[in-house]
There are 2 protein chains.
Amino acid sequence: MAKTKQVYYFGKIRCDGDRELRDLLGGKGADLAEMVRIGLPVPPGFTITTQTCSDFFNNGETLSEKLLNVIRKNLKQLEKETGKAFGSTTTPLLLSVRSGAAVSMPGMMDTVLNLGLNDKIVQELSKNSDNKRFVLDAYRRLINMFGDVVMGVDHKHFEQAFTTIKQKYKVKNDIDLDEKGLTELIEQYKTIYKKHTRQAFPQDPFKQMVLSIEAIFRSWNNPRAITYRRISNIEGLTGTAVNIQTMVFGNKNNQSATGVAFTRDPSSGNNEFYGEFLINAQGEDVVAGIRTPNPIEEMLHWQPKLYKQLLKVKDKLEKHFRDMQDLEFTIEQGQLYILQTRTGKRTGVAAVKIAVDMVSEKLINKKTALLRIPAQDLTQCLLPSFIEKEKTDVLTRGLPASPGAASGYPVFNADEAVALNSKGEKVILVSHETSPEAIHGMKAAQGILTSTGGTTSHAAVVARGWGKCCVTGASEVEINEQTQTITIRGKKITRKDIISIDGGTGEVMLGDIPKRAPGFSKEFKTFMQWTDKVNILGVRANADTPRDAKIAREFGAKGIGLCRTEHMFFGEQRILAMREMILAENEDNRRKALKKLLPHQRRDFEGLFRAMNNLPVTIRLIDPPLHEFLPQDRPTQQQLAKTLGISLKHLKNRIEQLHESNPMLGHRGCRLTISYPEIMEMQVTAIVEATINTRKRGIKAKPEIMIPLVGIETELTYLRTKIEQIINQVKKRKRYAGKLDIPIGTMIEIPRAALTADQIAEHADFFSFGTNDLTQMTLGFSRDDIGSFMPDYRDKHIYKTNPFQSIDETGVGQLVQMSVKRGRKTKPELKCGICGEHGGDPDSIMFFARAGLDYVSCSPFRIPVARLAVAQAALKKN
Amino acid sequence: MAKTKQVYYFGKIRCDGDRELRDLLGGKGADLAEMVRIGLPVPPGFTITTQTCSDFFNNGETLSEKLLNVIRKNLKQLEKETGKAFGSTTTPLLLSVRSGAAVSMPGMMDTVLNLGLNDKIVQELSKNSDNKRFVLDAYRRLINMFGDVVMGVDHKHFEQAFTTIKQKYKVKNDIDLDEKGLTELIEQYKTIYKKHTRQAFPQDPFKQMVLSIEAIFRSWNNPRAITYRRISNIEGLTGTAVNIQTMVFGNKNNQSATGVAFTRDPSSGNNEFYGEFLINAQGEDVVAGIRTPNPIEEMLHWQPKLYKQLLKVKDKLEKHFRDMQDLEFTIEQGQLYILQTRTGKRTGVAAVKIAVDMVSEKLINKKTALLRIPAQDLTQCLLPSFIEKEKTDVLTRGLPASPGAASGYPVFNADEAVALNSKGEKVILVSHETSPEAIHGMKAAQGILTSTGGTTSHAAVVARGWGKCCVTGASEVEINEQTQTITIRGKKITRKDIISIDGGTGEVMLGDIPKRAPGFSKEFKTFMQWTDKVNILGVRANADTPRDAKIAREFGAKGIGLCRTEHMFFGEQRILAMREMILAENEDNRRKALKKLLPHQRRDFEGLFRAMNNLPVTIRLIDPPLHEFLPQDRPTQQQLAKTLGISLKHLKNRIEQLHESNPMLGHRGCRLTISYPEIMEMQVTAIVEATINTRKRGIKAKPEIMIPLVGIETELTYLRTKIEQIINQVKKRKRYAGKLDIPIGTMIEIPRAALTADQIAEHADFFSFGTNDLTQMTLGFSRDDIGSFMPDYRDKHIYKTNPFQSIDETGVGQLVQMSVKRGRKTKPELKCGICGEHGGDPDSIMFFARAGLDYVSCSPFRIPVARLAVAQAALKKN
């Protein structure tokens, strides 16, 4: 029955709520009640519950009579506690009305201040008050805010009137306008109000309150709020609460002030009080940035007693809430009030520092520390970042595809990127979209900017794998490859203009924006060590080169879960041999070309085994369709034809022949090695020779061979037999006496494989879920094409999250669970991992832990995130 | 233990086998034994089992000593029965060696005749024999056949030698060569044999036998045989049997003859003895067509007694085997021998006629009649066909994609096809591949010929839907659109040459080959009535036009299971409005264009409801991606831009914008109507208005609305709500007082939909399985692209059947079963149907019956097939 209570009072004479009631009172309401309970100076008021917001929408968007009565009762109580009366002309009670949902949504919901004023009260107060100007200013603020927030009158109309009046009275700052000017302004505001709402500004304070509450409730479903919830994956909330609180005025006189503070530095995490305040100002003045506020330390000189009191409040808040707090305060005529507290937002670096510090300070335990930091935020600890205030010339915004900060000259061609890079020039590779062909250019560039593609596009996937900054889908970027220019919103950028891209925000900027370098703090290292203590899943890396493998190991990878061998074919010598192989007319010539690739592959594998000494290295046989290796542009085609001594026509025919309507579902993966077993033979030979070579040098090479795109057990048996033959042949040829125990496993990435996992497990030593493709096929989505409808799908609540980012548990997850269960029914010891993009996603990792997987594998730069997510999964399981 | 017996004797003194032992003795061996058992004059011999063939391959392709001993023992028995001796120079036993698997594979395996002759025997016989020429001729045949079949010497070498000798002796026919010439020819044959095999022709008759048996065993795995088994879906066989039988000679003299006969006419099914014979000839002479044989009736004049004996044999065979038989006989010096009998192959028309006749004749019951005819064969009853012997100039052979016979001038462009057709010219649309854009051209053409694409390609699917002849994947057809010519194996065909294509065989021929028209016989009607008596599943039609609906109804459809509304958008006026809609910049303009489409759609639906009066009509909302409606060629693009008054650049931009990497997984189906609900609104409005209009005219319109490509329940709820609103709006606007009970259901064609069928069923009135797309996504195959590896997959036994032809029961079928089970758990009365291509495939229908579906829906011309398959499923279930 307690839940049907619609209004919760907070004040000295009664306090109904506490911080446990966040869902019902919203974060703000719950924390206000909590602060009252621990004796902090909070102006009294009451909170209308989130449930009431939901009822409001179910009730045709009207407030019930019953609710209005309850509000009236609470209002009475408030009048009693404050000794003021709502609507009184002598001692008027003025109120603020603020929204507040269970999860903080900064800037999303709206606020009305100074509620309760009307013409008559202002007239009376002006007579009696020492500060007529203050009263008039409060009233004009009310009309403006109420008109804007509650009635939807565009703020600019009020703004214009204010500017005109200031010109008329020849003053520069708002604060300089005198009483006469303010009186005239109020009249103009009322006229504006009437013109746009077709009614007079309401003189009944209670009507003001009712309209405000309704407006706040309605704002729960305004597009901004909906979008914010979608972007932040906030769901399951019933609505917003409304907080009605006694006004206190930081703008009453010079003994008054207002401020915002963090109990610790939210940027670095250092344990230093951090904030700003403004004398004789209202809270919005600080936020709006109209005047430049003073650093919080300066309060010590202005009001040492109050500053000390504030420091005590700070300590009390941290000790009580046991987390860094973001608080708002107001000083009214020498009296300190705390208006709000909430958990402070912080950078990833700060998050780690604060968590580790608080453990040393015994404020929290390690479990709390590990669970507190959103795993995702750890990426911020690993990348350079722009200094925010230096971002002046933001040209456009694309999708934040791979975090980081990069600056360089724009180039439009992969080869050119490589050439300039080798000369020491920094470049940003700019293109409509990228193809595996451009991979060397991506590697050479500081960052990648594409005008199409989503955050799971090829460019993004590869970039994240490398921890390389990438912005995709920047649709305003018009590329003209001929003139070698970019046009953004009419602004032309040439090859001589440096641009900067922020992979964390998607911003594209002109100029070389200064950056802040990353670095592992000792707190970061401590924190990562804690994660390992509670690990239930191994974390491996998706890495294709010894360099990546080394980074992965530094980040704590326990092996390689996915080595994409085709990435090894893109080097200059190699791509030529690869193309020769593809263009060969028969098996003999294919074998000749493959023979050239063999030493490269072998050397790559040796490097990987060395970097991953004593840790498993899962090597996936060639996966992409052959046409991805052939050049699409005419000059390269001509060059290639010449180099290989074939006709351009033959080359083009072959390219046309390899063209596929739906390459995603085409001739790739094991289908390729079944058609051309000689490719597999070369790869397996390279693996086995590298294993033997490195083992002979004392390195514990632990390769695992993985077959991609298996849909039916016969594919696996066909290849497995051949792979085993090659292993034995090489072993014999190399006269290796040791045991070559190379597990042979399969990707599970086709729905049919999941459905027949029991049969497939008979011939597989391990499963590795390729959840990218599994998602594509299970949901019938092409990753490259969902851009055309996915944003609309999110807006219309068809899919709650992007299924390529967090695994679709109901559909794709069901197949994963089914595979694990059926696979282990056949083979109880079957090792199961996941090597899709989801392996680095905290929510998905939570799911994989529940599904009983043995490890997740993700790109090197996601490893800390994955390790933390795994630890969190373990802690939540217990 | 009986199964380990390797050799089965058949003859008067002992007969080990019978027709029950087909698996072990092969069809030929089992039937020979059976004929002996019922007292027919069969030359004695023995059969080596199929198991022995399998053992041969497991035994390094050698015959075991044990087996050779068993053969020797049986040979002794044979010598005893015939009174002749193998290798004797006076009374030599001559033998034939023939293959014979459990399933008849005509032409696939090989035969050796006259085994047992050698130089010495020939020399002795020539001395004693009255017919020296006959002996010499038998010997030259042996060397030729043995060299070719057993030793792999190319037949042409023997052929050339024969031609030269005939020239030398100035004779025209083989038979005219005298003894001297034959003696010389034998010497030359032996030289050829030695030259190519590097050994002399074996003089040891037993060695001849051993080598022959080995060759026949090996031929089980020759490419021809493997291909035949793959094409015919023959599997589970262990190998071929070998039949060794006493030779009888139809070429001994003019009292001898040989012939082939069918107990009834295999082409029409008429109960008339049907066959041919040749006097003084060996069986191969009839088959090879060197001499023109005589109709069997003429035997009455030649040898009335023997003819009567043969008629008796015919009756006995039919009565015993209770099916039409195909028999081979030989008359040696007035003595009749039956060499072989087997179930006769027949056309679909004949199959029906024979089955119905045999029921009247009380030879079989209705159940047997229904089960006997491969459902597939009924398609032949519905289409015109070429007169086989008129097929003279076969240029190449593609894939038989849609049965039928078509002739016409080749055209290379859809619009031209339409133009010429409207002038009354018959054309064949020839293209690399077809797109939905070419659909009007396909409709206008007599037939479709493509150089790429499989039997499930777009062209094939559409063609089958229309019962239109189509040959796809004719890779030898080189198309030159510029010169408007085709080149096939170097032969150039211009616009002025009529070509003919046979959709049942894939043949492409030059000239206007004469055709035979279809027609429903009274037997066909009787037969189809029988199927209805045992029906357990409804059969509906996939039909988009009133014309198709009418045909479907004539063929016995119980409603429409799939009306593809987008096909209605391709008419001249409609495609323009459709394109206008796609190119519109905003919703308003889209609505304007849609308004033009509305009356067309409404009229189409009215026609469908009329044709399907009182039967359900399932209408699928628009499915394909929008880019399929836009023109891809420049002239049409320019024309369109001009017509719509937009710039070509804008048009091209929109086309590029709509381009998708994997259109199959792109912005289509319900994704489209969620993005652009106005399209759905127009379609639903048309459906409801058409329903009301036709009902007012007394027609019982029963529409069902089907939503395609649903993957998640929210898609369905989103659209269902909107659809219901439209229905109510139209109802109100049209002031319709009746009940508008229009079921709203969903396709299940995305794996996720199947996995969450329980959730989806809550909002669906019915399920319809789109097994084409479900197969594509579950298996990760693109129908348009599998051509690059599927043939190899079949050869390597990865997939046993083409999963787009017969449903993959293990994978896709599992999802179908899961959906039905889960869907009906939520909604026990949930109606489930299937409208993919598999709905017309007999094997798949068998599965759907087991899975508990309510109906299958297929193209009109597959309906008789489906009805029979359904009946067979029912009969096999009981």
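Structure report, in brief.

Thresholds, definitions, all that
Along each chain, numbering runs from 1 in the same order as the chain's sequence is written. Written order determines the labels here, with chains lettered from A and ligands numbered from 1. Two thresholds apply to this predicted model, a pLDDT of at least 70 for residue-level local features and 80 or more for giving and counting side-chain atom pairs, whereas whole-chain, interface and lining totals are computed over all residues. To get the side-chain values, take all heavy atoms of the structure and skip hydrogens and water. The helix and strand labels rest on DSSP assignments: H or I over at least four residues marks a helix, E over at least two residues marks a strand, and numbering proceeds from the N terminus. C-alpha atoms define the radius of gyration in this analysis, and the globule rule sets the expected value at 2.2 Å times the number of residues to the power 0.38. Relative accessibility decides the category of a residue: with a 1.4 Å probe and only protein chains considered, values under 20% of the type maximum give buried, values over 50% give exposed, and everything between is partly exposed. Whether two residues touch is decided by their heavy atoms; if any such pair falls within 4.5 Å, the residues are in contact. The term buried area denotes the loss of accessible surface (1.4 Å probe radius) that occurs when two parts are joined, taken as the sum for both partners. Within this document, salt bridges are pairs made up of a side-chain nitrogen of Lys or Arg and a carboxyl oxygen of Asp or Glu, the two lying within 4 Å of each other. Between N or O atoms, a polar contact is any pair within 3.5 Å; within protein, one atom must be a potential hydrogen donor and the other a potential acceptor, and residues adjacent in sequence are included only when both atoms are from side chains. For this scheme, ten residues count as nonpolar: Ala, Val, Leu, Ile, Met, Phe, Trp, Tyr, Cys and Pro. Four count as charged, namely Asp, Glu, Lys and Arg, and the remainder, Gly too, count as polar. For helices, the fitted axis covers only the stretch in contact; all axes are lines through C-alpha atoms, and the angles between them, taken along N-to-C directions, range from 0 to 180 degrees. By the definition adopted for this analysis, an angle is roughly parallel if under 35 degrees, roughly antiparallel if over 145, roughly perpendicular if from 65 to 115, and oblique otherwise. In this scheme, a crossing is called left-handed if the near helix is turned counterclockwise away from the far one by less than a right angle; it is called right-handed if the turn is clockwise. In plain words, nonpolar cores are sets of buried Ala, Val, Leu, Ile, Met, Phe, Trp, Tyr and Cys residues tied together by side-chain atoms within 4.5 Å. Residues below a pLDDT of 70 in either copy are left out; the C-alpha atoms of the rest, at least 70 in both, set the least-squares superposition of the copies. A pair of strands is considered paired only if DSSP assigns at least 2 bridges between the two. Working definition: a ring pair exists when centres of Phe, Tyr or Trp rings (six-membered ring for Trp) sit within 6.5 Å. Plane angles under 30 degrees give stacked, over 60 give edge-to-face, the rest tilted. Placement of a positive charge over a ring is assigned whenever Lys NZ or Arg CZ falls within 6 Å of the ring centre and within 35 degrees of the normal to the ring plane.

1. Looking at the overall build of chain A
Per the secondary structure count, chain A includes 33 helices and 31 strands. Taking 878 residues into account, the globule formula puts the C-alpha radius of gyration at 29 Å, and chain A, at 32 Å, falls close to it. Projecting the C-alpha coordinates of chain A onto the three principal axes gives extents of approximately 105 × 60 × 55 Å. Expressed as a percentage of the 878 residues in chain A, the buried residues total 59%. Restricting to contacts in chain A with at least 6 residues of sequence separation, those with at least 24 account for 68%.

2. Re the interface of chain A and chain B
At the interface, 47 residues of chain A touch 48 residues of chain B. A combined buried area of about 4,000 Å² lies between chain A and chain B, and 55% of that area is made up of carbon and sulfur atoms. Our enumeration of links across chain A and chain B arrives at 2 salt bridges. For Asp808 of chain A, the salt bridge goes to Arg752 of chain B, with nearest N and O atoms at 2.7 Å. For the pair chain A and chain B, the number of links is 30 residue pairs in polar contact (both at pLDDT 80 or more). When residues of the side of chain A that touches chain B are traced back to their parent elements, those giving at least two are α24 (670-675), α26 (713-733), α27 (751-755), α29 (771-779), α30 (790-795) and α31 (809-826) of chain A. A total of 6 residues in the side of chain A that touches chain B trace back to one element, the largest contributor, which is α31 of chain A. Looking at side-chain class alone, the side of chain A that touches chain B contains 19 nonpolar, 18 polar and 10 charged residues.

3. Quick look at the environment of Thr52 of chain A
All names here are of chain A. As for its position among the elements, Thr52 is in helix α2 (residues 50-58). Judged by relative accessible area, Thr52 falls into the buried class, the value being 3%. Separated by 567 residues in sequence, Thr52 and Ile619 have C-alpha atoms that sit 57 Å apart. Once residues lying within four places of it in the same chain are set aside, the contact partners of Thr52 are Gln6, Leu67 and Phe217.

4. Quick look at the packing of helix α18 (residues 522-533) of chain A against helix α33 (residues 863-877) of chain A
Residues and elements named next belong to chain A. In contact at an axis separation of 8 Å, α18 and α33 are set at 45° when each is read in the N-to-C sense. One way to sum up the angle between α18 and α33 is to call them oblique. You can see that α18 and α33 cross each other, and the crossing is left-handed. Along the contact surface, α18 presents Phe524, Phe527, Met528, Thr531 and Asp532, while α33 presents Pro864, Arg867, Leu868 and Ala871. Classifying every residue of the contact of α18 with α33 gives 6 nonpolar, 1 polar and 2 charged.

5. Notes on the nonpolar core
One finds Phe527 of chain A together with Phe527 of chain B to be the most contacted residues of the largest nonpolar core, which totals 311 residues. Excluding residues that lie within four positions of it along the chain, Phe527 of chain A makes contacts with Val352, Ala355, Val356, Ala369, Leu370, Ile373, Leu378 and Leu868 of chain A.

6. Overview of the relation of the copies chain A and chain B
Superposition of chain A onto chain B requires a rotation of 179° combined with a translation of 0.4 Å along the rotation axis, giving an RMSD of 0.8 Å. Put plainly, the chains are arranged around a two-fold axis. Of the residues that chain A buries at the interface, 100% are likewise interface residues in chain B, meaning the two copies contact each other through the same surface.

7. Some remarks on the sheet that holds strand β3 (residues 95-100) of chain A
All names here are of chain A. Strand order across the open sheet formed by 5 strands is β1-β2-β5-β3-β4, with antiparallel pairing between neighbours. Because the sheet does not close on itself, it has two edges, and the strands there are β1 (7-10) and β4 (111-115). The mean angle between the axes of side-by-side strands here comes to 20°, regardless of whether they run parallel or antiparallel. Helix α3 (residues 65-82) contacts β1, β2 (45-48), β3 and β5 (241-246) of the sheet and is inclined by roughly 5° relative to β1.

8. Observations regarding the packing of aromatic side chains
All names here are of chain A. Enumeration according to the criterion identifies 44 aromatic pairs over all chains in this entry. Ring plane angle 35° and centroid distance 5.7 Å describe the contact between Phe277 and Trp302, whose orientation is recorded as tilted. Pair noted here: Phe277 is in strand β7 (residues 274-279) and Trp302 is in helix α11 (residues 299-302), with a separation of 25 residues, a long-range link. Owing to a relative accessible area of 1%, Phe277 belongs among the buried residues under this scheme. Taken together, Tyr139, Phe146, Tyr193 and Phe201 form an aromatic cluster joined through their ring pairs. When the ring centre of Tyr8 is taken as reference, the NZ or CZ atom of Lys5 above it lies at 5.3 Å.

9. Focus: the sheet that holds strand β31 (residues 855-858) of chain B
Residue and element names in this part refer to chain B. The parallel closed barrel is built from 8 strands, whose spatial order is β24-β25-β26-β27-β28-β29-β30-β31. Here the average twist between neighbouring strands, direction ignored, is 30°. Summarising the sheet, strand β29 (residues 766-769) and strand β30 (residues 831-834) pair through 4 bridges and their orientation is parallel. When the bridges of β30 are listed, Phe766 appears paired with Lys831.

10. Concerning the side chain of Ser857 of chain B
All names here are of chain B. Structurally, Ser857 can be placed in strand β31. Here the side chain of Ser857 touches Arg540 through a polar contact of 3.5 Å, landing on its backbone oxygen. A distance of 2.6 Å separates a polar atom in the side chain of Ser857 from a polar atom in the side chain of Asn542. Dropping the residues within four chain positions of it, Ser857 is found in contact with Arg540, Ala541, Asn542, Gly561, Leu562, Ile834, Cys835, Gly836 and Gly839.

11. Things to note about the pairing of strand β30 (residues 831-834) of chain A
By the bridge criterion, 2 bridges tie β30 of chain A to strand β31 (residues 855-858) of chain A in an arrangement that is parallel. Residue Gly833 of chain A lies in a different strand from β31 of chain A, and its bridge partner there is Tyr855 of chain A.

12. Observations regarding α2 of chain A
Of the residues making up α2 of chain A, those classed as buried are Thr50, Thr52, Cys53, Ser54 and Phe56 of chain A. Just past α2 of chain A, the residue Gly60 of chain A takes up positive phi, approximately 65°.

13. Re the pattern of salt bridges
Charged atoms that come close allow side chains of opposite charge to pair. Residue and element names in this part refer to chain A. On inspection of all chains with the given rule, the structure shows 106 salt bridges over all chains. For Lys391, the salt bridge goes to Glu507, with nearest N and O atoms at 2.5 Å. Within this pair, whereas Lys391 is found in the loop between β11 (385-386) and β12 (394-397), its partner Glu507 is found in strand β22 (residues 507-510), the two being separated by 116 residues in sequence. For the pair Lys391 and Glu507, a shared accessibility class is recorded, and that class is buried. Within the structure, one salt-bridge network assembled from shared partners comprises Glu566, Arg620, Asp623, Arg668 and Asp773.

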